[in-house]
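Observations on the model geometry
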4 protein chains.
Amino acid sequence: MDLSIPVILGTARPSRQSEGVANAIVDLVKQRNLMTDLVDVRDYPLTGTGIPAPGTDLDGYRSIAAAADGFIIVAPEYNHGYPGELKLLLDTESQAYARKPVGLVTVSAGILGGARMAQSLRLVVSGLGMVPVAPALHVSEVGTAIDESGEFASPSMTEVAASVIDEVAWYARALKEARGA
Amino acid sequence: MDLSIPVILGTARPSRQSEGVANAIVDLVKQRNLMTDLVDVRDYPLTGTGIPAPGTDLDGYRSIAAAADGFIIVAPEYNHGYPGELKLLLDTESQAYARKPVGLVTVSAGILGGARMAQSLRLVVSGLGMVPVAPALHVSEVGTAIDESGEFASPSMTEVAASVIDEVAWYARALKEARGA
Amino acid sequence: MDLSIPVILGTARPSRQSEGVANAIVDLVKQRNLMTDLVDVRDYPLTGTGIPAPGTDLDGYRSIAAAADGFIIVAPEYNHGYPGELKLLLDTESQAYARKPVGLVTVSAGILGGARMAQSLRLVVSGLGMVPVAPALHVSEVGTAIDESGEFASPSMTEVAASVIDEVAWYARALKEARGA
Amino acid sequence: MDLSIPVILGTARPSRQSEGVANAIVDLVKQRNLMTDLVDVRDYPLTGTGIPAPGTDLDGYRSIAAAADGFIIVAPEYNHGYPGELKLLLDTESQAYARKPVGLVTVSAGILGGARMAQSLRLVVSGLGMVPVAPALHVSEVGTAIDESGEFASPSMTEVAASVIDEVAWYARALKEARGA
């Protein structure tokens, strides 16, 4: 069974450091022979709920979401919450998420790695109908988390990332079959 | 002691119904001889964290926040979370919120009145250094919540709204004095 | 495939009103030809984490949890949180919950029906490895929620209850198969 | 102004490691010439909401809470939530908490220091009418967090602990004056 697990990069901040993390996750997903895309919130600018900036191709996002068998969201914590642009993008779609798993990868410059934000984001993805898998990766001290080759500098981070991806894949397979998709 | 309690309207959605609620709150604040402003997220469009749309006057927002003695946030719940545009605006400021109270007024078309979102928003305002007051107003079935005169149709909603405003004012006074502001 | 979906009644308070709700849920589960048990926290008294009262048969609880294919938790909201006795019971087990779905039925005397508590409980069941299904039932004004025949007085509550149970059953079936259990 | 800031130790688990943390906090509170007590949940065993074990002196707890000007809660995270025994104790009182600040000190054996649980606990103390102060201490790797002299091994933990206590004291003073207490 071919599975598609897009990776959503949930910050557009000019100085964002989560991009390296998202790329490392994409690589790990590909190594498992899963199909994936990097969905960058920068490509879908919105200035408010339901207000796309001119030229924004929301149908593109909706198509990716509809075709997905599961998701991984990579996003930093800002003030204990999720980035506004991530919420704006997620809220553009309501049907495509149902009964699909999602893995959370949260990021911060500090030692908590966005774990507080993960709690609120978990509730949002549930509200959207997704299944948040139990394991999550909290990337602390993001400035040094990715090495020059673009991989996680810490083997334990790689290991947790792998467990998140594997869990999403496990659920994606089980639920796709059950949905008859 | 003159107190300034701006009311932040936290959705820019074209079909937003929280605007009437925010206006009703502004009126109730004024009736208490408190100074207030309606801060509309539509006036501060951002397409990502730290990315204002051209011509956006964030200094205006920062000045209001700096001069405020407390805040009231009026916002709908979207998919169990807060609107992205509200988070984008709140995140543009980091110093002006400290040790100031905030009252939460949440809104939904359903019967829960955004109570789930209030939980996540409470954590964000704490993360920003504000003090969320204990009482909160959850405006259910917003389509019929405001009558033709622009007031809450239900006396009990008016009563809870008043208790939220009074609590914010009580804290605003106590903390302003303690801050020596 | 035979499925077992025990219903956990999560309050031991002498004047508890959630018991009627739990019984109504048990009846609805049975009507779907699913196996079920009422697990009453009163039968497993603990005075602290890991401190069972004398004579408490925690092995009984662990056996039920191990044999379950999914769970439904019925519990009231106390001060925006879950009952302590529910948390004490859930924390006695760590392996038996993994990759099993759980439906949340929250209860209150007021109009929010425990929806705030559901947010925190959702995070706990995720922490335990369970999959919280998206739909939830929030039983408001519990004093009049159950009629003399022991059923929900409101057809819409019955409908939501059914959707929660059906969703748990759907996941229970899909995940049991995938676990090879 | 004399201020009383009791420290609530929120776990009764036989192998609890939060006790050393609570004692270190008590010492830091005393160094600031604040009055304090260690309130140990073990002294108030309950087997359910509103069900004290025989001989339990809940009036003692209520008196301490009533006389307090603020609180600090020290508690470990179990499965992303707060200990049941802590919730049972907090729920025995409803009036004495209003408009009093509370500082959260969370504990875990891992690197997140209970930060996830702090999110849910913050909502409970708000539900009880308390004001959770913005800074919080998350004690990671508790097994090595306290040195032989009973102090925090890490200067940065001492520093954060001090900032939490000072913030609680600042609010306790401001709010006590405003309450006219």
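Residues numbered from 1 in each chain as written. Chains lettered and ligands numbered in written order. Predicted model: local features only at pLDDT ≥ 70, side-chain atom pairs only at ≥ 80, totals over all residues. Heavy atoms only, no water.

Topic: the interface of chain A and chain B
Defined as follows: Two residues form a contact once any of their heavy atoms are found within 4.5 Å. The quantity reported as buried area is the accessible area (1.4 Å probe) lost by two parts once they are put together, taken as the sum for both. By salt bridge we mean one thing: a side-chain nitrogen of Lys or Arg within 4 Å of a carboxyl oxygen of Asp or Glu. In the analysis that follows, any N or O atom pair within 3.5 Å is treated as a polar contact, provided that within protein one partner can donate a hydrogen and the other can accept it, and provided that, for residues neighboring in sequence, both atoms belong to side chains. Under the scheme used here, helices are H or I runs from DSSP no shorter than 4 residues and strands are E runs no shorter than 2 residues, and both carry numbers assigned from the N terminus. In this count, Pro and Cys sit with the nonpolar residues alongside Ala, Val, Leu, Ile, Met, Phe, Trp and Tyr, while Asp, Glu, Lys and Arg are called charged and the others, Gly among them, polar.
In this assembly, 26 residues from chain A lie in contact with 26 residues from chain B. For the pair chain A and chain B, the summed buried surface comes to about 2100 Å²; carbon and sulfur atoms form 56% of the total. Scanning the region where chain A abuts chain B turns up zero salt bridges. Viewed at the interface, chain B and chain A are joined by ten residue pairs in polar contact (both at pLDDT 80 or more). Elements with a contribution of two residues or more to the side of chain A that touches chain B: strand E3 (46-48), helix H3 (84-90) and helix H4 (115-127) of chain A. Split by residue class, the side of chain A that touches chain B holds twelve nonpolar, ten polar and four charged.

Re the pattern of salt bridges
Condition: Exposure classes here rest on a 1.4 Å probe applied to the protein chains alone. A residue is buried below 20% of its type maximum, exposed above 50%, and partly exposed in between.
Using the criterion set out here, one finds 36 salt bridges over all chains in the structure. Note that Asp91(B) and Lys87(B) form a salt bridge whose closest N and O atoms lie 2.7 Å from each other. Just as Asp91(B) is buried, Lys87(B) falls in that class too. Linked by salt bridges that have partners in common, Arg16(A), Glu19(A) and Asp40(A) make up one network.

Things to note about the relation of the copies chain B and chain C
Selection rule: We place the copies in one frame by least squares, fitting the C-alpha atoms of every residue whose pLDDT is at least 70 in both.
With an RMSD of 0.0 Å, the fit of chain B onto chain C corresponds to turning through 180° and sliding 0.0 Å along the axis. On this basis, the relationship between the two copies can be described by a two-fold rotation axis. Both copies share a contact surface, since 100% of the interface residues of chain B are interface residues in chain C too.

Topic: the interface of chain B and chain C
One frequently used descriptor of interface size is the decrease in accessible area upon assembly of the parts. Residue-level contacts link six residues of chain B with six residues of chain C. Overall, the association of chain B and chain C removes approximately 730 Å² of surface from exposure, summing both partners, and the carbon and sulfur fraction of that is 59%. Its largest share of buried area at the contact with chain C, chain B owes to Leu112(B), Arg116(B) and Gln119(B), together 57% of the area lost on that side. Linking chain B with chain C are zero salt bridges, by the criterion used here. At the junction of chain B and chain C, the tally comes to zero residue pairs in polar contact (both at pLDDT 80 or more). For the side of chain B that touches chain C, a count of residues per class yields two nonpolar, three polar and one charged.

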